[in-house]
Amino acid sequence: MAESDWDTVTVLRKKGPTAAQAKSKQAINAAQRRGEDLETTKKWSAGQNKQHLVTRNTAKLDRETEELHHQRVSLEVGKVIQLGRQNKGLTQKDLATKINEKPQIIADYECGKAIPNNQVMGKIERAIGLKLRGREIGLPVDPPNPKKK
């Protein structure tokens, strides 16, 4: 029984600091004071939500001096929509309901803020009966010709 000494403690393994503790400011400062070697790595785009690499077109866009923007509906088209809608006795909301779009879309088209969409333009043309595209803006839409026998 001489081998069992109750006063001594044997530690088989001691856990080191966890990853979060090792990265804390206090742990880094303590390691620097002790003169230990520290390894620092800079992660590319760390803390950002970048999932794709930078493309070659980015530099091309940076060198571009021309201001890039989307084509908007002209005010002439907006006036034609407004006149056609008023001639039919419709409000913006009524016209929007008739073509299954939101009233804000009609308001944007009339103000000239909307980016032209051919599907929406076609719906508005059929609803108000006036052409909005091409050279004949403001002229009545021709009804489809029935097949001649």
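So what exactly am I meant to see when it comes to the pattern of salt bridges here?
If charged atoms from side chains of opposite charge come close, those side chains can pair. Considering all chains together, one arrives at five salt bridges under this definition. Ionic pairing is found between R34 and E36, a salt bridge with its closest N-O pair at 2.8 Å. K131 is paired through a salt bridge with E136; the nearest N and O atoms lie 2.7 Å apart. Owing to a relative accessible area of 21%, K131 belongs among the partly exposed residues under this scheme. A residue is classified by how much of its surface remains accessible, and E136, at 40% relative accessible area, is partly exposed.

How should I be thinking about the side chain of E125 in this particular structure?
With respect to the helices and strands, the residue E125 is situated in helix α7 (residues 118-128). Judged by its relative accessible area of 12%, E125 is buried. Look past the residues within four positions of E125 in its chain and what remains in contact with it is L130, K131, L132, R133 and V141.

Hey, could you run me through the confidence of the model for the chain in this one?
Atom-level detail of predicted coordinates should not be read off regions where pLDDT is low. For the chain, the mean per-residue pLDDT works out to 80, and 73% of the residues sit at or above 70. The secondary structure element of the chain with the lowest average pLDDT is helix α3 (residues 57-63), at 68, and the one with the highest is helix α5 (residues 92-98), at 93.

Mind showing me how you'd approach helix α6 (residues 103-111) here?
Structurally, the α-helix is built with 3.6 residues per turn, so residues lying three or four positions apart point the same way. When we look at burial in α6, the residues that qualify are I106, A107, Y109 and E110. Along α6, the residues classed as buried sweep out an arc of 160 degrees about the axis, all on the same side. Looking at the buried side of α6, the elements it contacts are α4 (75-87), α5 and α7. Immediately downstream of α6, the backbone of G112 shows phi near 85 degrees, a positive value.

What is the right way to look at the packing of α4 against α7 in this model?
Pairs of packed helices are described in terms of their axes, by the angle between the two and the distance that separates them. Viewed as axis vectors pointing N to C, α4 and α7 meet at an angle of 35 degrees, and their least axial separation amounts to 9 Å. Taken as a pair, α4 and α7 cross one another with a handedness that is left-handed. Contacts from V77, V80, I81, G84 and R85 of α4 reach α7 at M121, I124 and I128.

Is there a simple way to think about unusual backbone geometry in this case?
Trans is the common state for peptide bonds, and a negative phi is the common state for residues other than glycine. At N100, a residue that is not glycine, the phi angle is positive and equals roughly 60 degrees. Structurally, the position occupied by N100 is in the loop between α5 and α6.

It is not clear to me how the environment of K123 should be interpreted in this structure. Could you clarify?
Tracing the backbone through its elements, the reader meets K123 in helix α7. Residue K123 is classed as partly exposed on the basis of its relative accessible area of 26%. The sequence separation of K123 and A96 amounts to 27 residues, and the corresponding C-alpha distance is 9.7 Å. Ignoring anything within four residues of it in the chain, the contact list for K123 reads I99, N100 and E101. In this structure the side chain of K123 is engaged in a polar contact, spanning 3.5 Å, whose partner is the backbone oxygen of I99.

About the cut-offs
Residues numbered from 1 in each chain as written. Predicted model: local features only at pLDDT ≥ 70, side-chain atom pairs only at ≥ 80, totals over all residues. Heavy atoms only, no water. Salt bridge = Lys/Arg side-chain N within 4 Å of Asp/Glu carboxyl O. Buried < 20%, exposed > 50% of the residue type's maximum accessible area, 1.4 Å probe, protein only. Helix = DSSP H or I, 4+ residues; strand = E, 2+ residues; numbered from the N terminus. Contact = heavy atoms within 4.5 Å. pLDDT = per-residue confidence, 0-100. Arc of directions from axis to C-beta. Axes fitted to C-alpha atoms, helices over the stretch in contact; angles between N-to-C directions. Left-handed = near helix turned anticlockwise from the far one by under 90°. Polar contact = N/O pair within 3.5 Å; in protein donor to acceptor, adjacent residues only side chain to side chain.

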